[in-house]
Amino acid sequence: MAGVKRRDIRLEPLQVKEQTYEEINKLYKSGTTVSIKEHRSGFPAVTVDCGEIHILTDILSLEAWWHKMRKAEQT
């Protein structure tokens, strides 16, 4: 998505990141397409686009949140 202004949340507290991931997950569950791509910086970062949400985040916190969320769904 060239020209899209992304909010960089890599240095935000984990709580802010997880809140953003939850918002994206709600949109995804309602049928909105999610696009995740490796960021060109070389840092373990990804761009995530979903509806009106466009972020740059670290893949490690995103993967940890995903694992925690999936585990919670299974219980």
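Note that the structure is a prediction, hence the values are computed from the model and not measured. (Residues numbered from 1 in each chain as written. Predicted model: local features only at pLDDT ≥ 70, side-chain atom pairs only at ≥ 80, totals over all residues. Heavy atoms only, no water.)

Asker: How should the side chain of Thr47 be read in this particular structure?
Answerer: Within the fold, Thr47 resides in strand β3 (residues 45-50). Accessibility expressed as a relative area gives 10% for Thr47, which makes it buried. (Helix = DSSP H or I, 4+ residues; strand = E, 2+ residues; numbered from the N terminus. Buried < 20%, exposed > 50% of the residue type's maximum accessible area, 1.4 Å probe, protein only.)

Asker: Can you walk me through helix α2 (residues 59-74) in this structure?
Answerer: Residues spaced three or four apart along an α-helix point in a common direction, a consequence of the helix completing one turn every 3.6 residues. Along its 16 residues, α2 runs 23 Å from first to last C-alpha, staying within 8% of the 22 Å computed at 1.5 Å per residue. Turning to α2, its buried residues are Ser61, Leu62, Trp65 and Met69. Taken end-on, α2 shows its buried residues confined to a sector of 100°, consistent with a single buried face. Turned more than 90 degrees away from the buried face of α2 sit Leu60, His67, Lys71 and Gln74, all of them exposed. Packing partners of the buried residues in α2 comprise α1 (14-29), β2 (34-38), β3 and β4 (53-58). (Expected span 1.5 Å × (residues − 1). Arc of directions from axis to C-beta. Contact = heavy atoms within 4.5 Å.)

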